[in-house]
Amino acid sequence: MMRIMLFLLTNIAVLVVASIVLSVLGVERYISGSGLNLTSLLIFCAVFGFTGSIISLLLSKKMAKWGSKAQTIEQPNNHKEQWLLTTVQELANEAGIKMPEVAVFPAHEANAFATGWNKNDALVAVSSGMLDRYPPDEIRAVMAHEIGHVANGDMVTLTLIQGVVNTFVMFFARIAGYAVDQFLRRDDEGEGSVGWGYYIATMVFEILFGILASMIVMWFSRYREFRADEAGARLAGKGAMIAALARIQSEHEVSHMPDTMVAFGIRRGRKSSFGELFSSHPPINDRIAALQKL
């Protein structure tokens, strides 16, 4: 129920903020009697494309905590939590960022994630299963990997890329939808209006273009995993980073993290196949091979 409410509130916020921005910018209707106003259409798509991504980024820590049931460590309850706080503080100092919030989420699987709207106001979290089972040097390496994401500004960069992708998916889908509608329209229909053909075609093209665009977003997501692995190796040691990835791979875990947080986890990627184009993580064998070349 909480996730549904959060989803609805987020979408309402997007509509309200986007409407206000469009009103302030004085953006006119992008469909008129003379056809499409491409400037107005581009502004319209950019406002909606970036608003959703930015609001999601600003709410990312709250969404991550609610979705994963992560509990922030305010006062450590045991020596493991104390060690985790000390370790993250050391890694953050080495990476040159402020101490992020540290949390533990209930899951037997070995996983961790990082999120936050900027590198000095971030959250890093580790699963209870990883904290219980993994040796300290491997947990340190995983935390270093997540700190690498934060220090590299991956969350902000991914948000900007997603905003650009959203903008152009909406833009070209509406152009294609308008072209289809004009092809199907009858001579007796009024100028400056569109029929159902426009809406149906736009929806279809948004799906098609969205699938293609997601390949771009996922490519960047895989690329940043290699960079975060490099940061983990630099901060915690190459051997520990390789050992942690190898252990994660050997467990063949099935992720129970929320879909919205999967791209921020350290879990293994898919095996090499066409499906890898839509995977947020590269296969762990590839990641280990890249680390061995450092």
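Scroll up for the structure.
This is a predicted model, so every value here is computed, not measured.

Draft legend 1. Seen up close, the overall build of the protein chain. The helix and strand inventory of the protein chain stands at 10 helices and six strands. At a minimum sequence separation of 6, the contacts of the protein chain that also span at least 24 residues come to 69%. Carbon and sulfur atoms make up 63% of the accessible area of the protein chain, which amounts to about 15,000 Å² in all.

Draft legend 2. Just the sheet that holds strand 4 (residues 101-105), in detail. Read from one edge to the other, the open sheet built from four strands follows the order 3-4-6-5, with strand pairing classed as mixed. Both outer strands of the open sheet, strand 3 (71-72) and strand 5 (112-116), are each paired with one neighbouring strand and no more. Pairing of strand 4 with strand 6 (residues 122-127), which is carried by five bridges, proceeds in the parallel orientation. Of the residues in strand 6, the one forming a bridge with F105 is S127.

Draft legend 3. Quick look at the pairing of strand 4. Here strand 4 lies mainly inside the structure; four of its five residues are buried. For strand 3 and strand 4, the ladder comprises two bridges, and the chain directions are antiparallel. When the sheet's bridge partners are listed, T72 is paired in strand 4 with A103.

Draft legend 4. Summary view of the side chain of H281. With respect to the secondary-structure elements, H281 resides in the loop between helix 9 (238-251) and helix 10 (284-292). You can call H281 buried: its relative accessible area is 0%. In terms of polar contacts, H281 uses its side chain to reach the side chain of S280, at 2.9 Å.

Draft legend 5. Broad picture of the packing of helix 8 (residues 196-236) against helix 10. Where helix 8 contacts helix 10, the two axes come as close as 10 Å, and the packing angle between them is 50 degrees. When the axis of helix 8 is compared with that of helix 10, the two are oblique. The two elements helix 8 and helix 10 meet at a crossing, and its hand is right-handed. Packed against helix 8, whose contacting residues are E225, F226, D229, E230 and A233, the element helix 10 presents D286, R287, A290 and L291 at the interface. By residue class, the composition of the contact of helix 8 with helix 10 is four nonpolar, no polar and five charged.

Draft legend 6. Structural view of the packing of helix 2 (residues 38-58) against helix 7 (residues 154-184). Running from N to C, helix 2 and helix 7 point in directions that differ by 145 degrees, and their axes come no closer than 8 Å. By crossing handedness, the relation of helix 2 to helix 7 is classed as right-handed.

Draft legend 7. A look at the pairing of strand 6. The buried count for strand 6 comes to six of six residues, which makes it a mostly enclosed element. Alternating residues of strand 6 divide into A122, V124 and V126 and L123, A125 and S127, and every residue in both groups is buried. Pairing between strand 5 and strand 6: five bridges, direction antiparallel. In the sheet register, A114 faces strand 6, and the bridge partner there is V124. Between the antiparallel neighbours strand 5 and strand 6 lie five residues.

About the thresholds
- Residues numbered from 1 in each chain as written.
- Predicted model: local features only at pLDDT ≥ 70, side-chain atom pairs only at ≥ 80, totals over all residues.
- Heavy atoms only, no water.
- Helix = DSSP H or I, 4+ residues; strand = E, 2+ residues; numbered from the N terminus.
- Contact = heavy atoms within 4.5 Å.
- Areas by Shrake-Rupley, 256 points an atom, 1.4 Å probe, with all protein chains shown as cover.
- Pairing = 2+ DSSP bridges.
- Buried < 20%, exposed > 50% of the residue type's maximum accessible area, 1.4 Å probe, protein only.
- Polar contact = N/O pair within 3.5 Å; in protein donor to acceptor, adjacent residues only side chain to side chain.
- Axes fitted to C-alpha atoms, helices over the stretch in contact; angles between N-to-C directions.
- Parallel < 35°, antiparallel > 145°, perpendicular 65-115°, else oblique.
- Left-handed = near helix turned anticlockwise from the far one by under 90°.
- Nonpolar A, V, L, I, M, F, W, Y, C, P; charged D, E, K, R; others polar.

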